Structure formats: C-alpha cells, structure tokens
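Reading the structure
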Amino acid sequence: MVAGNAVVEPVWERYPLIASNSYARRWIQSCVMLGLARNTVAAYMYAAEGFLRFAQGHSVDLRSMSRETSRSMSASCEPSQDERMRTWFASTQVVSCQKQRCSSV
C-alpha cells in the first residue's frame, strides 16, 4: 500500500494460500501498487484466501475453471458461506471480463 511515497507490503504469512499462488499474489500486489487503502487490500486478501481454501477443499483447478463451474460452485455453497462466495465469484467474473477486454484491445 502507498503511505506517502512508501509502499507497505502485505503480511503474506497470514495468507499462505495467496502467498503460494502466483496469480493471487500478483493480483494483490497490483492492488497495492494501485494505492488501494490498507483495509481494502486486507479485505481482498481475506476473501481471496477464503476462496482459495474453498476451491482447494473442493479439488477445483482454478486455472481451468469455467464460468459454469463457478456458478455451480456458488450454487452449492453452504448457507453460512453462500453470500461471501457469491460475492467473490461475481468479482472474479468481472475481473475475467476485464481481462478479456484488455487483451482484445
């Protein structure tokens, strides 16, 4: 995160799944470099870690996951996780859509 001119690094030890996933780590680092607020980055990291844990528990290969798989996983969430996972899946679809637009430009 940017505090003045100094970049503040996230605490990777708290989020081992993000730290070990190059895509997730790069996404968090891009959020930091964009200067997003510390609390925003922390919330993204918390949600991403939960998503990675959820996907790992369901043996999902994220590199080959389709929107249909995403929708079926979202629909099968337990009620206590339902809203958080639906929010996360929606945000991943927005990011995926943005990536497609960027690569087509």
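Note: the structure precedes this text.
Description of the structure in this document. Values in this document were obtained by computation on a predicted structure and should not be read as measured data.

Turning next to the overall build of the protein. The helix and strand inventory of the protein stands at 5 helices and 2 strands. The order of helices and strands in the protein, counted from the N terminus, is β-β-α-α-α-α-α. Out of the 105 residues in the protein, the part that is buried amounts to 27%. Considering only contacts in the protein between residues 6 or more positions apart, those separated by 24 or more positions represent 53%. Here the protein has roughly 7,200 Å² of accessible surface; of this, 54% comes from carbon and sulfur atoms.

A word on helix α2 (residues 22–33). Compared with the 16 Å implied by 1.5 Å per residue over 12 residues, the 16 Å span of α2 between its first and last C-alpha is a close match. Among all positions in α2, only Ala24, Ile28, Cys31 and Val32 are buried. Around the axis of α2, the buried residues are gathered within 100° of arc, so they sit on the same side. Summarising the geometry of α2, the exposed residues directed more than 90 degrees from the buried face are Ser22, Tyr23, Arg26 and Met33. Its side-chain oxygen at 3.0 Å from the backbone nitrogen of tyrosine 23, asparagine 21 defines the N-terminal cap of α2. Downstream of α2 by one or two residues, glycine 35 has phi in the positive range, about 85°.

All right, on to the packing of aromatic side chains then. One pass over the full model with this rule turns up 1 aromatic pair. Ring geometry for tryptophan 27 versus tyrosine 44: centroids 5.3 Å apart, planes at 25°, classification stacked. Placement of tryptophan 27 in helix α2 and of tyrosine 44 in helix α3 (residues 38–57) is noted, with a sequence separation of 17 residues between them. A cation sits over an aromatic face here: arginine 25 above tryptophan 12, 4.0 Å from the ring centre.

What follows concerns the packing of α2 against α3. Two numbers describe how α2 lies on α3: the axes approach to 10 Å, and their chain directions differ by 170°. As summarised for this structure, α2 and α3 are arranged roughly antiparallel, according to the angle between their axes. Here Ala24, Trp27, Ile28, Cys31 and Val32 of α2 lie close against α3, whose contacting residues are Val41, Tyr44, Met45, Ala48 and Leu52. When its residues are assigned to classes, the contact of α2 with α3 shows 10 nonpolar, no polar and no charged.

Of note in this structure, serine 59 is not a glycine but carries a positive phi near 50°. Secondary-structure assignment places serine 59 in the loop between α3 and α4 (67–75).

Rules behind the numbers
Residues numbered from 1 in each chain as written. Predicted model: local features only at pLDDT ≥ 70, side-chain atom pairs only at ≥ 80, totals over all residues. Heavy atoms only, no water. Helix = DSSP H or I, 4+ residues; strand = E, 2+ residues; numbered from the N terminus. Buried < 20%, exposed > 50% of the residue type's maximum accessible area, 1.4 Å probe, protein only. Contact = heavy atoms within 4.5 Å. Areas by Shrake-Rupley, 256 points an atom, 1.4 Å probe, with all protein chains shown as cover. Expected span 1.5 Å × (residues − 1). Arc of directions from axis to C-beta. Polar contact = N/O pair within 3.5 Å; in protein donor to acceptor, adjacent residues only side chain to side chain. Phe/Tyr/Trp six-rings, centres within 6.5 Å; stacked < 30°, edge-to-face > 60°. Lys NZ or Arg CZ within 6 Å of the ring centre and 35° of its normal. Axes fitted to C-alpha atoms, helices over the stretch in contact; angles between N-to-C directions. Parallel < 35°, antiparallel > 145°, perpendicular 65-115°, else oblique. Nonpolar A, V, L, I, M, F, W, Y, C, P; charged D, E, K, R; others polar.

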